[in-house]
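Chain by chain, the residues run as shown.
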Amino acid sequence: MIDIQSVRRAYAMQVLAAAGVENQSLEDAFATVAREDFLGPGPWPILRWGKGYVPSPSDDPVYLYSNDLVGIDQSRNLNNGQPALHAKLIGSAFPRAGEHVVHIGVGVGYYSAILAAMVERSGRVTAVEYDNELATRAEENLQSFEQVTVIQGDGARVGFEPADIIYVNAGATHPAKNWISRLRDGGRMILPLTTRQGFMASPDAKPIERRGAVFRLQRCGDDYYARWISPVAIYPCEGARDEDAEAALGAALDRGGWEKVTRFYFGEDMPESSDCWLRTSRWCLC
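Residues numbered from 1 in each chain as written. Predicted model: local features only at pLDDT ≥ 70, side-chain atom pairs only at ≥ 80, totals over all residues. Heavy atoms only, no water.

So, the pairing of strand β7 (residues 148-152)
The pairing of strand β6 (residues 124-129) with β7 spans 5 bridges and is classified as parallel. If you follow Thr-126 over to β7, its bridge partner there is Thr-149. In this view, the connection linking β6 to its parallel neighbour β7 by way of helix α5 (residues 132-141) has right-handed handedness. (Pairing = 2+ DSSP bridges. Helix = DSSP H or I, 4+ residues; strand = E, 2+ residues; numbered from the N terminus. Right-handed = clockwise from strand over helix to strand, strands pointing away.)

As C-alpha cells, this is what we get:
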C-alpha cells in the first residue's frame, strides 16, 4: 500500500521546485494538508490541456498529488487552482506564524488551509467567498482549523480587521479600497489584475502575458512598493471589475514592461507625471 504521507511530502517538494520557492513552512503546509478533504469524493475531474476534464483512474487520493487543476464546478470552468502557482504567490507573500491573512476567493478552502498551517494557531485566516454554495463547502472543509473564519460575501466590500496579508484569488481590474485601507504597515497584498480575456480565452485570444498579471504590493508606512510576480488567467472577482480600469490595464499589458513596476500610488498620493505603466483616475502602478 502506498504511504499517502510520503506521497504528500514528495508532492510538496515538487510543487515548490516547480514554483522556484524555498520555504520550509510552505513545504510543510503542502505536505500535511490533505487535498482530498476539500474536493469531495473521487474519482475527480482533472483538467488535461487539449482534452478537457478527464476523470482520475480511481478514487485513490494519490491522483490529487500532482501539479494539476482539479474541477470544482466544470460547468463554470471553476477549478481548485494549480498548486505551483499558489506556491509561488503564497511564497511571495511569505506568511509567518501569528499573522492575520485575509483570503479573498477561497473556493472550497484548500489554499486557506495551507495559509492556516503557515500562520499556525497563533495567527488567523479570514476566508471570504462570494459564492454561497462554495462558502458553505469551505466552512465545512475548514472546521478543524480553529484559526480560520469563513465569511460569505463580496470580497471587495466585506469588512475585516487589519491584515498582514491580503491574498486575492480572483481576477480584479483594480485593488478594492478596503483592501488598501486595511493592509497593515509592513503588510503584503497579492493582487491578480486581469482583462476580460483573463479567464476563458477565445481561440484568438492574446497570450497569457497580455491577459493578466499578478503583483505583490507591500505597505511601508505611507508608501506602497510593488513588483510583478507572474502572468495569470483566473476566475473573475465579483465586485472588483471596472470598465475604465480594465481598458487601462489592457493597454498597459499590450505595451509590456510590467517587470519594471516598483511603486503603487492612489488618491492624493498619485504623482503628477503620467509616466506610469498603468494609470487610472484613482490609482497607478509606476
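Read on, since the account is not over.
Here's the deal with the pairing of strand β8 (residues 163-168)
The two faces of a sheet get side chains in turn, since along a regular strand they alternate between them. The buried fraction of β8 amounts to 6 of the 6 residues, a majority that puts the element mostly inside the structure. Bridge count between strand β5 (residues 100-104) and β8: 4 bridges; the pairing is parallel. Pairing of Val-101 across the sheet is with Ile-165, part of β8. When β8 meets strand β9 (residues 183-194), the two strands line up parallel, connected through 4 bridges. Across the sheet, residue Ala-163 finds its bridge partner in β9, namely Leu-183. (Buried < 20%, exposed > 50% of the residue type's maximum accessible area, 1.4 Å probe, protein only.)

Quick word on the nonpolar core
Counting 52 residues, the largest nonpolar core has Leu-26, Phe-30 and Ile-114 as the members making the most contacts within it. With 8 residues, the single largest contributor to this core is helix α4 (residues 110-119). Grouped together as the second largest cluster of nonpolar side chains are 35 residues, Val-128, Ala-172, Leu-193 and Tyr-224 included. (Core = buried A, V, L, I, M, F, W, Y, C linked by side-chain atoms within 4.5 Å.)

A closer look at the environment of Glu-22
As for its placement among the helices and strands, Glu-22 is situated in the loop between α1 (4-19) and α2 (24-32). Once the C-alpha coordinates of Glu-22 and Gly-91 are considered, the two residues, 69 residues apart in sequence, prove to be 8.1 Å apart.

Considerations on α2
Where α2 is concerned, the buried positions are Leu-26, Glu-27, Ala-29, Phe-30 and Ala-31. Taken together, the buried residues of α2 touch α1, α3 (83-93) and α4. Residue Asn-23 occupies the N-cap position of α2, its side-chain oxygen lying 3.1 Å from the main-chain nitrogen of Ser-25. (Contact = heavy atoms within 4.5 Å. Polar contact = N/O pair within 3.5 Å; in protein donor to acceptor, adjacent residues only side chain to side chain.)

Points about the packing of aromatic side chains
This model, assessed by the stated rule, comprises 11 aromatic pairs. Aromatic pair Trp-228 and Trp-258: ring centres 6.4 Å apart, planes at 40°, arrangement tilted. One end of the pair, Trp-228, is in strand β11 (residues 223-231); the other, Trp-258, is in the loop between α7 (243-255) and β12 (263-266), with 30 residues separating them in the sequence. Trp-258 sits in the buried class, given a relative accessible area of 10%. Counting every residue linked through ring pairs, the aromatic cluster contains Tyr-11, Phe-30, Phe-38, Tyr-65, Tyr-110 and Tyr-111. In this arrangement the basic side chain of Arg-263 is found over the ring face of Tyr-225, its NZ or CZ atom lying 4.6 Å from the centre. (Phe/Tyr/Trp six-rings, centres within 6.5 Å; stacked < 30°, edge-to-face > 60°. Lys NZ or Arg CZ within 6 Å of the ring centre and 35° of its normal.)

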